[in-house]
Amino acid sequence: MNWLIYALIFWLASWALNVRIANSAPSRFKSILVPMLFGFSLLGLWEGLVSGFNISPILLPPPSMIAARFASSLPILWEDFVQTFVKGALSGYFIGCSAAFLTAIAIDRSDFLKRGLLPIGNFVAALPIIGMAPVLVMWFGFDWQSKAAVVVIMVFFPMLVNTVAGLSAKNEIQNDLMKTYGAGYWQSLLKLGLPAAMPFIFNGLKICTTLALIGAIVAEFFGSPIRGMGFRISTEVGRLSLDMVWAEITVAALAGSAFYGTMALIEKAVTFWHPSQRS
Amino acid sequence: MKNMIKGAIAGAAMLAASMAQADDDVTLQLKWVTQAQFAGYYVALDKGFYKEEGLNVTIKPGGPDIAPAQVIAGGGADVVLDWMPSALASREKGLDLVNIAQPFKSSGMMLTCRKDAGITTSADFADKTLGVWFFGNEYPFLSWMSKLGLKTDGSAGGVTVLKQGFNVDPILQKQAACVSTMTYNEYWQIIDAGLTPEELVVFKYEDEGVSTLEDGMYVLGDNLKDAAFKDKMVRFVRASMKGWKYAEMHTDEAADIVLENDASGAQTEKHQRRMMSEVAKLTSGSNGALDVADYERTVQSLLQAGSDPVITKAPEGAWTSEITDAALN
């Protein structure tokens, strides 16, 4: 009972504090503090409710237990992170996004390909991942190669559609200007087409960061070596070590956010000229 | 007035009817999808053995992403079927699972290997790739390997372990030298896929002395303190064992009953009839009561699992003969 009261008091206190900070003069430090405080108050509430209602850790472990497990299993978490994120997700992401980018340029070049390749891209995107993953495991083996292949399939279409849309973003007047300069196709693509497409391309890249991580984790459910985030999650659920499952979820959330954030930073540097980046 | 009397009579009739049908509800969570591995329960349901005991039994099929222990912890079932290693491991995690009956006397678990991968005895495992099921099914394998002194982390001189999906592709495609199989299920998938028994070497956990108890009935210890629940379980175990013994005597009929109850429609008659005759070999040695010697052997094998034992100390109160004593008299 005490736990419930503590949780409630903690929640209300941090809420009141947040309201005060939010209403005071804005600063850079405060704009980080407010969401942090909100996150901590949620964790505090979680801890208090789980302890207060005596919820079995098999169903929902408290954050303190997850943190302890996280700290004590760093080597395992790192091994899983390398296997799933660095080997599976990142390599698949690079292969898939580059392939989609090159395909998009080919599509932009020729109307024939546009009518032929886009529907195929659409078709690949519609393939259910839980149907494709076991097939790809059979083709590419149990290690990270098959996981990368799943990621390629997942990221290809969103990247393709965004890049194709980006490459058609330039307008006729700009095209005419390039023509009056006597620019050839590649010159016009480099100086006009790609820069104009950048906001769209980064849109695709950002969407694909999270898709890549999801694809790499889910693909491990269908056969894997005995390491990797997806393997660990599915195995530890069976062993009722839900604290370990949540520790892996934390790693996935941190990795996914960092990956997305990195892409957003690169976007800011590359498309500084775009109205959405000027504030 | 007339209508009111009519209504009252109808109400009384409905009440009487519902009282006559006031069977006790029992929900059973299976460990895997509907198949002849669980024939005894489906036979008991279909033949009305549960009904005779005044029980209204619901059978929930399992699947690759369903852990029976988690289902019972969340209140989704009264009884679950589980393998003892995973049940004892859950017990150490703080879930008070108690074995009330053990219809499977023998283990059906095997490691099936290709002869052309260079395996004839268990001494040939070193530096080979072996397929294993995880999700709580890996414990018997881990304790066997630790008994053989083989590391499972992929280091030289040990074995490389693959998390095998729920099919036998890795051995067909030579991605693994051996895969885990059950005598009644996956072994026959390999045979159906075209490999002959002569091309295979089979290591039965039973023969290697590392077998653990499979498919026992488990309930929460707290519930057993309730006399009404206990009485329900006595009737449930009695009817279930009647179902199992009937299934052993009439394997083809039992397999057909399982097929009728398979809502997924994924099972075939040939496979289920074959499975039922293999399962009958495993259940025929048990009358439902847990053999203490088997229990001790399971515990010892799990405790000895080398540097990474499945359980760290001998469990207490992990089984009770109370239910089977009352049910089987």
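Keep in mind the model is a prediction, meaning the values are calculated, not measured.

1. As for the interface of chain A and chain B
Facing the 21 residues of chain A at the interface are 25 residues of chain B. Between chain A and chain B the total buried area reaches about 1,900 Å² when both faces are included, carbon and sulfur atoms providing 62% of it. Across the contact surface, chain A and chain B share zero salt bridges. The tally of links between chain A and chain B comes to five residue pairs in polar contact (both at pLDDT 80 or more). Among the elements that take part in the side of chain A that touches chain B, helix 10 (residues 229-238) of chain A stands out by supplying five residues, more than any other. Each residue belonging to the side of chain A that touches chain B can be placed in one class, and the counts come to 12 nonpolar, seven polar and two charged. When strand 1 (residues 224-225) of chain A meets strand 7 (residues 160-163) of chain B, the two strands line up antiparallel, connected through two bridges. When the bridges of strand 7 of chain B are listed, Pro225(A) appears paired with Leu162(B).

2. What about the sheet that holds strand 10 (residues 216-220) of chain B?
Residue and element names in this part refer to chain B. The five strands are arranged 2-1-3-10-4 in an open sheet whose pairing can be described as mixed. The sheet is open, and its two borders are formed by strand 2 (55-60) and strand 4 (97-101), each paired with just one other strand. With strand direction ignored, the average angle separating the axes of adjacent strands in the sheet is 35°. Pairing geometry for strand 3 (residues 79-82) and strand 10, over three bridges, is antiparallel. Across the sheet, residue Val80 finds its bridge partner in strand 10, namely Tyr218. Sitting on the sheet, helix 5 (residues 84-92) touches strand 3, strand 4 and strand 10, and the angle it makes with strand 4 is about 145°. Each of strand 1 (24-29), strand 2, strand 3, strand 4 and strand 10 is contacted by helix 9 (residues 227-249), which is oriented at about 60° to strand 1, the strand it contacts most.

3. Concerning the packing of aromatic side chains
All chains considered together, the criterion is met by 19 aromatic pairs over all chains. With a centroid separation of 5.9 Å and 55° between ring planes, the pair formed by Trp11(A) and Trp15(A) is classed as tilted. Of this pair, Trp11(A) and Trp15(A) both sit in helix 1 (residues 2-23), four residues apart, which is roughly one turn of the helix. On the accessibility criterion, Trp15(A) (51% relative accessible area) is exposed. Relative to Phe203(B), the ring of Trp144(B) lies with its centre 6.3 Å away and its plane at 55°, an arrangement referred to as tilted. Here Trp144(B) is found in helix 6 (residues 139-148), whereas its partner Phe203(B) is found in strand 9 (residues 200-204), with 59 residues between them in sequence. Judged by relative accessible area, Trp144(B) falls into the buried class, the value being 1%. Grouping aromatic residues by their ring pairs yields a cluster made of Trp78(A), Phe81(A), Phe85(A), Tyr93(A), Phe94(A) and Phe259(A).

4. A short note on the nonpolar core
Within the largest apolar cluster, 70 residues are counted, with the highest numbers of intra-cluster contacts made by Tyr41(B), Phe125(B), Met217(B), Phe236(B) and Met276(B). If we ignore the near neighbours within four places in the chain, the residues touching Met217(B) are Tyr41(B), Val79(B), Val80(B), Leu81(B), Val98(B), Asn99(B), Ile100(B), Ala101(B), Pro103(B), Phe236(B), Val237(B) and Ser240(B). Among the nonpolar cores identified, the runner-up in size contains 42 residues, and Met159(A), Met229(A), Ala252(A) and Phe259(A) belong to it.

5. Some words on the domain arrangement of chain B
All names here are of chain B. According to the domain assignment, chain B contains domain 1 (21-105 + 213-327) and domain 2 (109-204). On a C-alpha basis, the centres of domain 1 and domain 2 stand 26 Å from each other. Taken together, the 27 residues of domain 1 in the interface contact 16 residues of domain 2. For the pair domain 1 and domain 2, the summed buried surface comes to about 1,800 Å²; carbon and sulfur atoms form 64% of the total. For the pair domain 1 and domain 2, the number of links is two salt bridges. We note a salt bridge from Arg274 to Asp192, for which the minimum N-O separation is 2.9 Å. At the level of elements, helix 5, helix 11 (269-283) and helix 12 (292-303) are the ones that each hand at least two residues to the side of domain 1 that touches domain 2. Top contributing element to the side of domain 1 that touches domain 2 by residue count: helix 11, with seven residues. Of the residues that constitute the side of domain 1 that touches domain 2, the class distribution is 14 nonpolar, seven polar and six charged.

6. As for the pattern of salt bridges
Residue and element names in this part refer to chain B. Considering all chains together, one arrives at 26 salt bridges over all chains under this definition. Salt-bridge contacts for Asp96 lead to Arg91; the nearest nitrogen and oxygen are separated by 2.8 Å. Here Asp252 ties to Arg273 by a salt bridge, and the two come within 3.7 Å at their closest N and O atoms. You can see Asp252 sitting in helix 10 (residues 251-261) and its partner Arg273 sitting in helix 11, a full 21 residues away along the chain. Residue class for Asp252 comes out partly exposed when judged on its relative accessible area of 38%. The structure contains a network of salt bridges with shared partners spanning Lys105, Asp291, Asp294 and Arg297.

7. What about the packing of helix 5 (residues 111-126) of chain A against helix 7 (residues 144-167) of chain A?
Residue and element names in this part refer to chain A. Contact geometry for helix 5 and helix 7: axes closest at 8 Å, N-to-C directions at 140°. Of the possible angle classes, the one that applies to helix 5 and helix 7 is oblique. By crossing handedness, the relation of helix 5 to helix 7 is classed as left-handed. Each of Leu118, Gly121, Asn122, Val124 and Ala125 in helix 5 lies in contact with helix 7, whose residues at this interface are Ile153, Phe157 and Leu160. A class-by-class count of the residues in the contact of helix 5 with helix 7 yields six nonpolar, two polar and no charged.

8. Remarks on the state of the cysteines
Among covalent bonds in proteins, the disulfide is the one between the sulfur atoms of two cysteines. Following the criterion strictly, the structure yields one disulfide over all chains and no others. Across the disulfide, Cys113(B) is cross-linked to Cys178(B) (sulfur-sulfur distance 2.2 Å). In this structure, the disulfide formed by Cys113(B) and Cys178(B) twists by about 105° around the S-S bond and is classed as right-handed. Taken together, the residues span a long stretch of sequence, with Cys113(B) in strand 5 (residues 109-114) and Cys178(B) in strand 8 (residues 178-182) at a distance of 65 residues. Like Cys178(B), Cys113(B) is buried. For Cys97(A), which is in no disulfide, the shortest distance to another cysteine sulfur is to Cys208(A) and amounts to 4.4 Å. A relative accessible area of 6% places Cys97(A) in the buried class.

Criteria and thresholds
Residues numbered from 1 in each chain as written. Chains lettered and ligands numbered in written order. Predicted model: local features only at pLDDT ≥ 70, side-chain atom pairs only at ≥ 80, totals over all residues. Heavy atoms only, no water. Contact = heavy atoms within 4.5 Å. Buried area = accessible area lost by both parts, 1.4 Å probe. Salt bridge = Lys/Arg side-chain N within 4 Å of Asp/Glu carboxyl O. Polar contact = N/O pair within 3.5 Å; in protein donor to acceptor, adjacent residues only side chain to side chain. Helix = DSSP H or I, 4+ residues; strand = E, 2+ residues; numbered from the N terminus. Nonpolar A, V, L, I, M, F, W, Y, C, P; charged D, E, K, R; others polar. Pairing = 2+ DSSP bridges. Axes fitted to C-alpha atoms, helices over the stretch in contact; angles between N-to-C directions. Phe/Tyr/Trp six-rings, centres within 6.5 Å; stacked < 30°, edge-to-face > 60°. Buried < 20%, exposed > 50% of the residue type's maximum accessible area, 1.4 Å probe, protein only. Core = buried A, V, L, I, M, F, W, Y, C linked by side-chain atoms within 4.5 Å. Domains from an automatic or database assignment. Parallel < 35°, antiparallel > 145°, perpendicular 65-115°, else oblique. Left-handed = near helix turned anticlockwise from the far one by under 90°. Disulfide = S-S within 2.5 Å.

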